[in-house]
2 protein chains.
Amino acid sequence: MIGRLNHVAIAVPDLAAAADQYRETLGANVGAPQDEPDHGVTVIFIELPNTKIELLYPLGDNSPIKGFLEKNPSGGIHHICYEVDDIDASARKLTDKGARVLGDGKPKIGAHGKPVLFLHPKDFNGTLIELEQV
Amino acid sequence: MIGRLNHVAIAVPDLAAAADQYRETLGANVGAPQDEPDHGVTVIFIELPNTKIELLYPLGDNSPIKGFLEKNPSGGIHHICYEVDDIDASARKLTDKGARVLGDGKPKIGAHGKPVLFLHPKDFNGTLIELEQV
């Protein structure tokens, strides 16, 4: 079912500082900040040759990563995203196997305009997994 | 400096269960367990089309991930590994920029037989970063 690793998302306490660090200290190809008000985040993508790092910073009062940064003030890896061909079939198979899809269990349109779902970290080794249909 | 994302390492509380889950529930290509006694871990690689997931389980009494699993009993993402061409040049550049290389600051031979170093998570958004020379 899962295909490529689409991205690793890292929540950061200072977006400009994190972008500078990846650009200057780690020598990576760092994009411009993009506000995603519907998802409560500002993101910066770092393009690696085989995948992406997504830096996440809270936007607005109801950001889903605000609580994460309160618990992890230095920041931390927030989730990893695997690509799938068919998000509805993936959701059915996962729930049949007893895995919990977050929210109402149905795929939503994610921050990249594609259908996504998130799996409960307690069911997957403490790892928040996003599945994105590509 | 950094190139491909070589792997994402996930510490897991039950290696066989995690392998079964990635194989059966997530439909991934899961390898056989490999003991790495010099590094205090048993690892299983999951081959994705563009990178790898490395499942980590403690081996022996001095495993470097034992404390991590005590703090995170469900497991969690332990580190991410970026590839570099020249580990010694990378170490010099990083320490010149004020980043802390764990241990004595010198690259070591890692679990895959290649020179590696680890960067202090507090300097990198709460993320433990491994650099591996390929």
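For clarity, every value in this text was computed on a predicted model and none was experimentally measured.

Calculation criteria
- Residues numbered from 1 in each chain as written.
- Chains lettered and ligands numbered in written order.
- Predicted model: local features only at pLDDT ≥ 70, side-chain atom pairs only at ≥ 80, totals over all residues.
- Heavy atoms only, no water.
- 1 Å grid on protein atoms, 1.4 Å probe; cavity = no way out; pocket = protein on both sides within 12 Å on 5 of 7 lines; lining within 4 Å.
- Points joined across faces, edges and corners; volume = space filled by probe spheres on them.
- Helix = DSSP H or I, 4+ residues; strand = E, 2+ residues; numbered from the N terminus.
- Nonpolar A, V, L, I, M, F, W, Y, C, P; charged D, E, K, R; others polar.
- pLDDT = per-residue confidence, 0-100.
- Buried < 20%, exposed > 50% of the residue type's maximum accessible area, 1.4 Å probe, protein only.
- Pairing = 2+ DSSP bridges.
- Contact = heavy atoms within 4.5 Å.
- Buried area = accessible area lost by both parts, 1.4 Å probe.
- Salt bridge = Lys/Arg side-chain N within 4 Å of Asp/Glu carboxyl O.
- Polar contact = N/O pair within 3.5 Å; in protein donor to acceptor, adjacent residues only side chain to side chain.
- Phe/Tyr/Trp six-rings, centres within 6.5 Å; stacked < 30°, edge-to-face > 60°.
- Lys NZ or Arg CZ within 6 Å of the ring centre and 35° of its normal.
- Arc of directions from axis to C-beta.
- Least-squares fit on C-alpha atoms with pLDDT ≥ 70 in both.

### Topic: the layout of surface pockets
Moving on, step 1. Computed from the structure, the largest pocket encloses a volume of approximately 1100 Å³.
Moving on, step 2. Phe 68, Asn 72 and Ile 77 of chain A together with Asn 72 and Ile 77 of chain B are the residues nearest the centre of the largest pocket, which is lined by 33 residues in total.
Moving on, step 3. Of all the elements in the fold, those that place two or more residues in the lining of the largest pocket are helix H2 (66–71) and strand E6 (76–84) of chain A together with helix H2 (66–71) and strand E6 (76–84) of chain B.
Moving on, step 4. Tallied by class, the residues present in the lining of the largest pocket amount to twelve nonpolar, 17 polar and four charged.

### Describing the confidence of the model for chain A
Moving on, step 1. Per-residue pLDDT for chain A has a mean of 95; in total, 100% of the residues score no lower than 70.
Moving on, step 2. Of the two predicted TM-score estimates for the complex, the pTM is 0.96 and the ipTM is 0.96.

### Some thoughts on the pairing of strand E9 (residues 129–133) of chain A
All names here are of chain A.
Moving on, step 1. Counting buried positions along E9 gives four out of five residues, so the element sits mostly inside the fold.
Moving on, step 2. Two elements, E6 and E9, share five bridges in a ladder whose sense is parallel. Note on E9: the bridge partner recorded for Ile 80 is Ile 129.

### Focus: the interface of chain A and chain B
Moving on, step 1. Chain A puts 40 residues into the contact, and the matching count from chain B is 40 residues.
Moving on, step 2. Buried surface at the junction of chain A and chain B, summed over both partners, amounts to about 3300 Å²; 60% is from carbon and sulfur atoms.
Moving on, step 3. Considering only the surface of chain A that becomes buried against chain B, Leu 26, Asn 50 and Asn 125 of chain A emerge as the three largest contributors, covering 20% of it.
Moving on, step 4. In this assembly, chain A and chain B are joined by zero salt bridges.
Moving on, step 5. Summed over the shared surface of chain A and chain B, the result is 21 residue pairs in polar contact (both at pLDDT 80 or more).
Moving on, step 6. When residues of the side of chain A that touches chain B are assigned to their parent elements, the largest contribution, five residues, is made by helix H1 (residues 15–25) of chain A.
Moving on, step 7. Its residues placed into classes, the side of chain A that touches chain B shows 22 nonpolar, twelve polar and six charged.

### A closer look at the packing of aromatic side chains
Moving on, step 1. Taken as a whole and assessed by the stated rule, the structure comprises two aromatic pairs over all chains.
Moving on, step 2. Centroid distance Tyr 22 of chain A to Tyr 82 of chain B: 6.2 Å. Interplanar angle 90°. Geometry classified as edge-to-face. Taken as a pair, Tyr 22 of chain A in helix H1 and Tyr 82 of chain B in strand E6 lie in two separate chains rather than in one. Pair check on accessibility: Tyr 22 of chain A and Tyr 82 of chain B agree, each one buried.
Moving on, step 3. Sitting over the ring of Phe 45 of chain A, Lys 52 of chain A keeps its end group 5.2 Å from the ring centre.

### Quick look at helix H3 (residues 87–96) of chain A
Moving on, step 1. Within the span of H3 of chain A, buried status applies to Ile 87, Ser 90, Ala 91 and Leu 94 of chain A. The arc that holds every buried residue of H3 of chain A, seen down its axis, measures 100°, which confines them to one face. Across H3 of chain A from its buried face, at more than 90 degrees, point the exposed residues Arg 92 and Asp 96 of chain A.
Moving on, step 2. Residues of H3 of chain A that are buried sit in contact with E6, strand E8 (115–119) and E9 of chain A together with helix H1 (15–25) of chain B.
Moving on, step 3. For H3 of chain A, the side-chain oxygen to backbone nitrogen distance between the N-cap and Asp 88 of chain A is 3.1 Å, and the N-cap itself is Asp 86 of chain A.

### Comments concerning the relation of the copies chain A and chain B
Copy one and copy two of the chain differ by a rotation about an axis and a translation along that axis.
Moving on, step 1. Least-squares fitting of chain A to chain B yields an RMSD of 0.0 Å, with the superposition described by an axial translation of 0.0 Å and a rotation of 180°. Taken together, the rotation angle and the small translation identify this as a two-fold axis. It is Asn 50 of chain A whose C-alpha, among those of chain A, lies nearest the rotation axis, at 3.0 Å.

### Some words on H1 of chain B
Residues and elements named next belong to chain B.
Moving on, step 1. When we look at burial in H1, the residues that qualify are Leu 15, Ala 18, Ala 19, Gln 21, Tyr 22 and Thr 25.
Moving on, step 2. Two or three places before Ala 16, at the start of H1, stands the capping residue Asp 14, its side-chain oxygen 3.3 Å from that residue's backbone nitrogen.
Moving on, step 3. The positive-phi residue at the C-terminal boundary of H1 is Gly 27, with phi of around 65°.

### Brief notes about the side chain of His 79 of chain B
All names here are of chain B.
Moving on, step 1. Examined against the element boundaries, His 79 turns out to sit in strand E6.
Moving on, step 2. In terms of polar contacts, His 79 uses its side chain to reach the side chain of His 7, at 3.2 Å.
Moving on, step 3. Separated by 3.1 Å, the side chains of His 79 and Glu 130 make a polar contact.
Moving on, step 4. Residues in contact with His 79, not counting those within four places in the same chain, are His 7, Val 8, Ala 9, Glu 54, Leu 56, Phe 118, Leu 128 and Glu 130.

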